[in-house]
Amino acid sequence: MKYLDEYRDPALARSLLAELAATATRPWAIMEVCGGQTHTLVRQGIDELLPAGMRMIHGPGCPVCVTPLAMVDKAVAIASRPGVVFTSYGDMLRVPGTTGDLLGVRARGGDVRLVYTPLDAVRLAERNPGRQVVFFAVGFETTAPANAMAVLRAAALGLDNFTVLVSHVLVPPAITAILDAADNQVQAFLAAGHVCAVMGWTEYEPLAARYHVPIVVTGFEPLDLIEGILMTTRQLEEGRAEVENQYARAVSRTGNTEAQSAVRRVFRLTDRDWRGIGTIPTSGLTLTERFAAFDAETRFAVADLHAHENPDCVAGEVLRGTRLPTSCAAYGTRCTPRTPLGAPMVSAEGTCAAFYHAGRLSTVEER
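The rules behind the values
Residues numbered from 1 in each chain as written. Predicted model: local features only at pLDDT ≥ 70, side-chain atom pairs only at ≥ 80, totals over all residues. Heavy atoms only, no water. Disulfide = S-S within 2.5 Å. Buried < 20%, exposed > 50% of the residue type's maximum accessible area, 1.4 Å probe, protein only. Axes fitted to C-alpha atoms, helices over the stretch in contact; angles between N-to-C directions. Helix = DSSP H or I, 4+ residues; strand = E, 2+ residues; numbered from the N terminus. Parallel < 35°, antiparallel > 145°, perpendicular 65-115°, else oblique. Contact = heavy atoms within 4.5 Å. Nonpolar A, V, L, I, M, F, W, Y, C, P; charged D, E, K, R; others polar.

*Asks:* An account of the state of the cysteines is requested, with residue identities and associated values reported.
*Replies:* Taken as a whole, this structure holds one disulfide when the rule is applied. Between the sulfur of Cys62 and that of Cys65 lies a disulfide, 2.4 Å long from S to S. Note on the Cys62 and Cys65 pair: the S-S dihedral is about 70 degrees, so by sign convention the disulfide is right-handed. In this structure, Cys62 and Cys65 share a single accessibility class: buried. The structure places no disulfide on Cys34, whose sulfur is separated from the nearest cysteine sulfur, that of Cys62, by 8.6 Å. By relative accessible area, Cys34 is classed as buried at 2%. No disulfide involves Cys335; its nearest neighbouring cysteine sulfur is the one of Cys352, lying 6.1 Å away.

Rendered as structure tokens:
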């Protein structure tokens, strides 16, 4: 299959790993931002094949994982109301809130539906004018254009029964927060290829220059990641700090300008809470004043709802890359994909789920 089999070639993987071993002279620490990249690294065991001392730090690039607990509680509260059809991507349905999840709402009779695109939710609103249809608009820059198009479509149709519960977050402010942290150990980044397919990589150039960190836009297949690690290692060894593009087959420097335009029409920057991390200034998107009528938080009066994390969950430390899932006493026992304490054990991009499904054993004894 084009762009699949050739990026899983074991002979080429061994060749790249040998070149990496010959290049690295120091124990570098590199963060892959994207949860999808984390799953490939862990599932394929790439993180265990790196030169001695070199390590991958798993970043906060799982949109489901960083959606704040309060936002999940808002979703549960809205979905529980009569007359509401609550729609979402599948990953969000099992993310635990304070008192339950969206699947629990559906089990109790709530109309919670999985959709494949936000336009599916718009079509539901068209077909059900007597019901309020809500779409859970989560994600990084990757999903923002489709969500913007859904709002634009609903506005064009004059739908007054469609709203979005917005929890969009942005990658560059998260990288800034990581690099500004007192306990930061990250020396280079693998940037998420799908985010950059939308946004390009111009936003990363000031970060590379300001913090003197290499940033390599990287794909998701095993050879993508090994090559991306090799490219960052070359920069580190040579003392360079540039933005390079490993994912040339899908990403250009300026990205998809039409998608960016749609996002700017519908959304504006805002401060955003990240689950387990806290508030990062101007790290999220919210609806502009022109489209404020489509804001589910306002329509259902849940904007002031607050929540507190489970004290046994160390998801925040995992998302910041300061702790591995296997060092958590609840990992694999009280916290599993069937009984998660936090979102990183639920999501298809969560670090805890990646470690669990790869059979990585706990390094602590349950007390």
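*Asks:* I'd like a rundown of the packing of helix H2 (residues 35-43) against helix H11 (residues 222-238), residues and numbers included.
*Replies:* One can describe the packing of H2 onto H11 by two numbers: an axis separation of 10 Å at closest approach and a directional angle of 100 degrees. Viewed along their axes, H2 and H11 adopt a mutual orientation that is roughly perpendicular. In contact with Gln37, Thr40 and Leu41 of H2, H11 contributes Pro222, Leu225 and Ile229. A per-class count over the contact of H2 with H11 returns four nonpolar, two polar and no charged.

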